[in-house]
Amino acid sequence: MLSFITDLFPAVYAEEKPEENVEEAPAAEAEEEEPEDIKPEIEEACGETSACAPLKHHLEECTRRIQDGAHEDCIEELYHFLHCVNDCAVPKYFSKLA
């Protein structure tokens, strides 16, 4: 049983020299360009749709009231707005990925 565990988890000692035959990936593979993130653009467009615009307005009004000193939070307004944006955006994410 012990040999099975030591095969899975070999002992490493601080005095050992590191292996010099470690191969590194070529620089061209390491510096691959990442694709542009489409999420912010899609969410911004969805936030401006006729379905989400009134909810955005309510959120902005609540934020303004808080900045003016009101003792409330805008969690409900934020949740409603984000729910609307997500309902609009999710189908667009998958259509862009295909």
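Below, the structure is looked at part by part. (Residues numbered from 1 in each chain as written. Predicted model: local features only at pLDDT ≥ 70, side-chain atom pairs only at ≥ 80, totals over all residues. Heavy atoms only, no water.)

## Here's the deal with the overall build of the protein chain
Of the regular secondary structure elements, the protein chain holds five helices and zero strands. In the protein chain, the succession of helices and strands from N to C terminus is α-α-α-α-α. Considering the protein chain as a whole, with its 98 residues, one finds that 12% of them fall into the buried category. Taking all contacts inside the protein chain whose residues are at least 6 apart in sequence as the whole, residues at least 24 apart take part in 57%. A total of about 8,900 Å² of accessible surface is found on the protein chain, and carbon and sulfur atoms cover 56% of it. (Helix = DSSP H or I, 4+ residues; strand = E, 2+ residues; numbered from the N terminus. Buried < 20%, exposed > 50% of the residue type's maximum accessible area, 1.4 Å probe, protein only. Contact = heavy atoms within 4.5 Å. Areas by Shrake-Rupley, 256 points an atom, 1.4 Å probe, with all protein chains shown as cover.)

## As for the pattern of salt bridges
Tallied over the full model, the rule gives five salt bridges. Here R64 and D68 are joined by a salt bridge, their closest N and O atoms 3.1 Å apart. Residue R64 is classed as partly exposed on the basis of its relative accessible area, which comes to 39%. Here R65 and E72 are joined by a salt bridge, their closest N and O atoms 2.9 Å apart. Classification of E72 by relative accessible area gives partly exposed; the value is 35%. Because the salt bridges share partners, they merge into one network encompassing E61, R64 and D68. (Salt bridge = Lys/Arg side-chain N within 4 Å of Asp/Glu carboxyl O.)

## Some details on a nonpolar patch on the surface
A cluster of nonpolar side chains, namely I75, L78, Y79 and L82, defines an oily patch on the protein surface of about 360 Å² accessible area. Checked against the element boundaries, Y79 lands in helix 5 (residues 75-97). Here Y79 falls in the exposed class, since its relative accessible area comes to 56%. (Patch = residues over 30% accessible without salt bridge, like charges linked within 9 Å, V, L, I, M, F, W, Y side chains within 5 Å.)

## A short note on helix 3 (residues 39-47)
If you check which residues of helix 3 are buried, you get I42, C46 and G47. Projected down its long axis, helix 3 shows its buried positions confined to an angular sector of 135°, all on one face. Elements that come into contact with the buried residues of helix 3 comprise helix 4 (53-67) and helix 5. (Arc of directions from axis to C-beta.)

## Quick notes on the environment of A89
The residue A89 is located in helix 5 in this model. We classify A89 as buried; its relative accessible area is 0%. Measuring from C-alpha to C-alpha, the distance between A89 and A45 comes to 8.6 Å, with 44 residues separating the pair along the chain. Those residues in contact with A89 that sit more than four places away from it in its chain are I42, E43 and C46.

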